Structure formats: structure tokens, C-alpha cells
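# Observations on chain architecture
Letter by letter, the chains look like this.
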Amino acid sequence: MADNSSNQMWGGRFAAGPDAIMEAINASIGFDKRMAAQDIAGSKAHAAMLAATGIITDSDAAAMKEGLDNVLGEIESGAFRFSAALEDIHMNVEARLKEVIGEPAGRLHTGRSRNDQVATDFKLWVRDQLDAAEGALLALMRALVAQAEAGADWVMPGFTHLQVAQPVTWGHHMMAYVEMFARDLSRIRDARTRMNECPLGAAALAGTSFPIDRDMTARSLGFDRPSANSLDAVSDRDFALEFLGAASICAVHLSRMAEELVIWSSAQFRFVTLSDRFSTGSSIMPQKKNPDAAELIRAKIGRIFGANVALTLVMKGLPLAYSKDMQEDKEQVFDAADNLMLALAAMEGMVRDMSANRDVLEAGAATGFSTATDLADWLVRVLGMPFREAHHVTGSLVALAEERECDLPDLTLVDMQGVHDAITADVFDVLGVHNSVASRTSYGGTAPVQVRAQVVRWKEALA
Ligand code: ARG
């Protein structure tokens, strides 16, 4: 027997326990206890397989199952006492199982290692997050589609360089985010498909001489198959990197949308009014209503992409197979996942609650000579002008309007004919913002008819 001061899980060859600093740098229990449910699920699957293959007795497996359920109950109720001396969740659970069921607990670790155990637990945890992210993205997309449906034909300025470019519809702008979040969703689903191979049974790195059934454990934990190379199985953290990659891109999208909400809710824009439920006040300026949630969502990319960079650098240059460096994977992923879920939920709430100020949007749509392209297109279509010439003529008309300090529709026909004598009164039809958006019926264009078609398509897909 090892002496009391050495580790009961691996202390056989040790005469003394670890230095306090060693324990502090080594222990992961402070954070990996979040994987308790996954750890216990993995152990139950492993125990059942050990019995099914005759490696342990049915009665030992039954004791393990009952004991593991009890341990999970203790953890869930908060009664469990986690120990840093036992390093991590794997050894904390096993040590407690020993206290609860005695000797059979010692057989649970047959044919496995903490290396395949942690890879399995962590995969299960990340997989749960992918599923949660999928649900959160779907909810956010539904909220955006509802906004788009309500305002499919509301006009607003469309921007390039944040300068008014052409009128677009509110519905079109909302649906642009639906497309972005749909790609995020597809990345999440894609990552889930690729990651769904079970590392359990890879053991420390080389597999095991016990006649284990890896298909059985893989199946019972909801994996598609066991991973095919034991060295890869214990040292792969791509699944976490893919999650962080997909989360980072999603956080970029959230950040862009959040930025628009910050701008749009300002007194200068007033495009939208955010609900009180998703706004905050100022402790000194009584009139203030601040878009804090949007600002925080805008910022979340910092920590999420930070986690992506951090884990990429942890993994870079690691030789096969397991190295303790990989224990640095979890806190990054936990933090990124928590913040992604929070940001998605907050964005969904804001989108659901916000009201677009239709009149302000419409007034804005007509500013900045936003229908100049429609005018140029009219010159091409009706007068048969080459587009480059039409562009030039329109430019002169814009300059004239600027000089007169008016908008394009405020120019007189005489003014227009002064620039090009073939222009007729019909031109005024295309200068209105509603006609402008209604004319953009090309597939994926901003015309209400196109927006409504996309809304129908997405409502069906999201039903
Ligand atoms: N706490 C460890 C981790 O998170 C578990 C695996 C430890 N394996 C080992 N051979 N020390 O990576």
C-alpha cells in the first residue's frame, strides 16, 4: 500500500505526496467538475461493456452502476466533496465510488485510461454544447424571420461604407442575418457529424489487451462509431477547435448585428427602439437608455476568439499522443460556450422585443440620393444609353441636386432635360424608394416579393 501522503490512484511508486505548488498547477478539478455527468455516463457505459464482454462480473457492473448513480446524485445535490489532491473529475468520481461500493470500484478502470476517459468526457460535453447552440441559433433565426415577415416591405436605407447606397427593405436586412446564422448552424451541425466518434477504449494511447467491445460503448454513448486510431483518439482536440472556430464565426456575426443595433438605437439614427427589458439606464443621466446587451454581445467575440487562439496554440507542436498541456483545453471551451450561449439568448431576446421605427426608416431611405442607381438604370432601359454614359449623366444630375440642396425627385423635368434632353417625365416613377425596392426582383434581391418568398422558405425550414 502506498503511504497516506501519496496519491491513492497512482501513488504506488511514490514515497511522498506532491508539493503544494505541484498540486496547484496539476489539479483540474476546479473546472473539470463541469464534466461530472459526462464522466459518469462514460463510466457506466464502460462498466456495462466490461460485464457484457466477461471482463468483469455482472454483479460488479451492477454495483458500479448503482454506485455511479449515487455519486452523480451527490454531485447534483451539492453534497459531493471535491478534492484537489485527487486532481480531476475522473479520479474524484472513482475515489468516491470506492468509498460507496468498495472493492468492485477498483475494477472500473480496467482497459481504459484517463486519457481516453477525458477525451470521451470532453467530447460528450462539447457535443451537448453543439446541440444547445443549434437550438439557440434556431430560436434566433425564428425571431429574425418574424421581424422580416412584419416588415417585408418597409423601406430603409441600405448602406455601403456606412454611406447611404440604395433603398432596401427591413425584411431583407433581417433575412441577411438569417442567412449568416444559418451558415453558423450548418458549421455546428457539420462539426457534430465529424466529431461523433468515440475515443473510449483507446486506453492510454495504444489500445488494450482486454477483449473490450468499442462498438458497444460508442453506441451506448450516442457516438456513430469508435475512433479508428488509438493514438489519434486520445490526442485529438480538433473537435474542440472546430467548436471554437464555428463559435468564433458565429460571434463575428453576432458582433456585427450587435453593432448595427447600437447604431440603429442611437438618437441620430432611431431606426429601432430596444425594449426596456434589454436596455439599461445611466446612474447619472436620467434620460439615458443604453444598449448594453448589444455592446456586450459585440464584445463577446474577444473572449470567444481568444479561446480559439489559445487552444490552437496549446495544441500546436504537441507530439503524439496525450500531453498534460491538453488539460488547458477545458476552461477556454467552457468560457467560450457559456458566453456564446448567453450572447445568442440575449440577441434573440433583443430581436424579439425590438420595434423598427418604420417612418424613420422610410425617411432615411430617401436620403443620400439613394435612387441614383434607379435613375441610371432607367436611362439604360428607356433611352438605350450604355450604362457608363448613364452613370455619368446621373452623376451630373446628382451634382445638380446637391447644388440645389434638394433630393433627386425634387428636380424639375426642365432641370433634368438641361442635363440630357431625352429624359421624360416617366423618370420620376423610378425615383421613389418604394418603386426602387419593388423593382429589385432578381433572386435574392430586396423586393418585398423576394423577401416574402425567403420568409416562406425559412418559415418552412424552421418549423
Ligand atoms: N485532467 C486531465 C486532463 O484534463 C485528465 C487526463 C490525465 N491523464 C494523465 N495521464 N495525466 O487532461
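Refer to the structure presented above.
A few points on the structure. (Residues numbered from 1 in each chain as written. Predicted model: local features only at pLDDT ≥ 70, side-chain atom pairs only at ≥ 80, totals over all residues. Heavy atoms only, no water.)

## A look at the site of the ligand
Every residue near the ligand is listed here: Ser 28, Asp 32, Asp 88, His 90, Arg 114, Asn 115, Val 118, Tyr 322, Lys 324, Gln 327 and Lys 330. Arg 114 places a polar side-chain atom, nitrogen or oxygen, 3.5 Å from a nitrogen atom of the ligand. Within the side chain of Lys 330, one N or O atom sits 2.6 Å away from an oxygen atom of the ligand. Out of a free accessible area of 340 Å², the ligand has 86% covered by protein chains. Considering only residue class, the shell around the ligand consists of two nonpolar, four polar and five charged. (Near = heavy atom within 4 Å. Polar contact = N/O pair within 3.5 Å; in protein donor to acceptor, adjacent residues only side chain to side chain. Areas by Shrake-Rupley, 256 points an atom, 1.4 Å probe, with all protein chains shown as cover. Nonpolar A, V, L, I, M, F, W, Y, C, P; charged D, E, K, R; others polar.)

## Some thoughts on the nonpolar core
The biggest cluster of nonpolar side chains holds 101 residues, and the ones touching the most others in it are Trp 170, Phe 181, Leu 254 and Met 347. At 15 residues, the largest contribution of residues to this core is made by helix H6 (residues 114–150). In this structure Phe 181 touches Leu 137, Leu 140, Met 141, Leu 144, Cys 250, His 253, Leu 254 and Met 257, once residues within four positions along its chain are discounted. Within the second largest apolar cluster, 21 residues are counted, among which are Ala 376, Leu 397, Leu 400 and Leu 431. (Core = buried A, V, L, I, M, F, W, Y, C linked by side-chain atoms within 4.5 Å. Buried < 20%, exposed > 50% of the residue type's maximum accessible area, 1.4 Å probe, protein only. Helix = DSSP H or I, 4+ residues; strand = E, 2+ residues; numbered from the N terminus. Contact = heavy atoms within 4.5 Å.)

## Overview of the environment of Lys 324
Looking at where Lys 324 falls in the secondary structure, it is placed in the loop between helix H11 (292–315) and helix H12 (329–353). The class of Lys 324 is partly exposed, set by a relative accessible area of 34%. Separated by 69 residues in sequence, Lys 324 and Val 393 have C-alpha atoms that sit 69 Å apart. Once residues within four sequence positions are removed from consideration, Lys 324 is found in contact with Asn 26 and Glu 87. Looking at Lys 324, its side chain comes within polar contact range of the side chain of Asn 26, at 2.7 Å.

## A look at the side chain of Ser 370
With respect to the helices, strands and loops of the structure, Ser 370 is situated in the loop between helix H13 (358–365) and helix H14 (372–383). Within the structure, the side chain of Ser 370 is placed 2.4 Å from the backbone oxygen of Ala 365, a separation counted as a polar contact.

## Some details on the pairing of strand S1 (residues 155–160)
For a regular strand, side chains alternate in direction, first toward one face of the sheet and then toward the other. Pairing of S1 with strand S2 (residues 163–169), which is carried by six bridges, proceeds in the antiparallel orientation. For Met 156, the partnering residue across the bridge sits in S2 and is Val 168. A loop of two residues connects S1 with S2, the two strands running antiparallel in sequence, and His 161 in this loop sits at a positive phi of about 60°. (Pairing = 2+ DSSP bridges.)

## Re the packing of H11 against H12
The contact between H11 and H12 brings their axes to 9 Å, and the two run at 155°. Considered as vectors, H11 and H12 are oriented roughly antiparallel to each other. Considering only the axes of H11 and H12, their crossing is left-handed. Of H12, the residues touching H11 (which contributes Ala 293, Ala 294, Ile 297, Lys 300, Arg 303, Ile 304, Gly 306, Ala 307, Ala 310 and Leu 311) are Asp 329, Gln 332, Val 333, Asp 335, Ala 336, Asn 339, Leu 340, Ala 343, Ala 346, Met 347 and Met 350. Tallied by class, residues from the contact of H11 with H12 come to 14 nonpolar, three polar and four charged. (Axes fitted to C-alpha atoms, helices over the stretch in contact; angles between N-to-C directions. Parallel < 35°, antiparallel > 145°, perpendicular 65-115°, else oblique. Left-handed = near helix turned anticlockwise from the far one by under 90°.)

## Describing the side chain of Asn 308
One can find Asn 308 in helix H11. A distance of 3.3 Å separates polar atoms of two side chains, one belonging to Asn 308 and the other to Ser 248. Leave out the neighbours within four places in its chain, and Asn 308 touches Leu 241, Leu 244, Gly 245 and Ser 248.

## Focus on unusual backbone geometry
Both trends apply: most residues other than glycine have a negative phi, and most peptide bonds are in trans. The residue after Leu 320, namely Ala 321, is reached through a cis peptide bond having omega 0°. Looking at where Ala 321 falls in the secondary structure, it is placed in the loop between H11 and H12. The phi dihedral of Glu 87 is positive, around 60°, even though this residue is not glycine. Positive phi outside glycine occurs at Leu 162, with the angle close to 55°. Mapped onto the elements, Leu 162 comes out in the loop between S1 and S2.

## Overview of the pattern of salt bridges
Inspection of the entire model under this criterion finds 28 salt bridges. Of the charged contacts in the structure, one is a salt bridge between Arg 107 and Asp 60, with a shortest N-O distance of 2.8 Å. With a gap of 47 residues between them, Arg 107 in the loop between helix H5 (89–101) and H6 and Asp 60 in helix H4 (residues 58–77) connect regions that are remote in the sequence. Between Glu 149 and Lys 459 there is a salt bridge, with the nearest N and O atoms lying 2.9 Å from each other. Residue Glu 149 is found in helix H6, and its partner Lys 459 is found in helix H19 (residues 448–462); the two are separated by 310 residues along the sequence. Using a relative accessible area of 40% as the deciding quantity, one classes Lys 459 as partly exposed. A single network of salt bridges, built from pairs that share partners, joins Glu 87, Asp 88, Arg 114 and Lys 324. (Salt bridge = Lys/Arg side-chain N within 4 Å of Asp/Glu carboxyl O.)

## Let's talk about a nonpolar patch on the surface
Residues Leu 205, Leu 231 and Leu 320 make up a contiguous nonpolar surface patch of about 280 Å² in total accessible area. Mapping Leu 320 onto the fold places it in the loop between H11 and H12. Classification of Leu 320 as exposed rests on a relative accessible area of 65%. (Patch = residues over 30% accessible without salt bridge, like charges linked within 9 Å, V, L, I, M, F, W, Y side chains within 5 Å.)

## A word on H5
Quick reminder: α-helices carry 3.6 residues per turn. Residues three or four places apart thus point the same way. Counted at 1.5 Å a residue, the expected span for H5 with its 13 residues is 18 Å, and the 18 Å between its end C-alpha atoms agrees. Packed against the buried residues of H5 are helix H2 (29–32), helix H3 (36–52), H4 and H6. A positive phi of about 75° marks Gly 102, the residue just after H5. (Expected span 1.5 Å × (residues − 1).)

## Considerations on the packing of aromatic side chains
According to the stated counting rule, one finds 10 aromatic pairs in the structure shown. A centroid spacing of 6.4 Å and a plane angle of 80° characterise the contact between Phe 122 and Phe 334, whose relative ring orientation is edge-to-face. Of this pair, Phe 122 sits in helix H6 while Phe 334 is found in helix H12, placing the two residues 212 residues apart along the sequence. Each member of the pair, Phe 122 together with Phe 334, is buried. The structure contains a cluster of three or more aromatic residues connected by ring pairs, namely Phe 159, Trp 170, Trp 264, Phe 269 and Phe 271. Over the aromatic face of Phe 14 sits the side chain of Arg 13, whose NZ or CZ is 6.0 Å from the ring centroid. Positioned above the aromatic ring of Phe 122 is the side chain of Lys 330, whose terminal nitrogen or guanidinium carbon lies 5.6 Å from the ring centre. (Phe/Tyr/Trp six-rings, centres within 6.5 Å; stacked < 30°, edge-to-face > 60°. Lys NZ or Arg CZ within 6 Å of the ring centre and 35° of its normal.)

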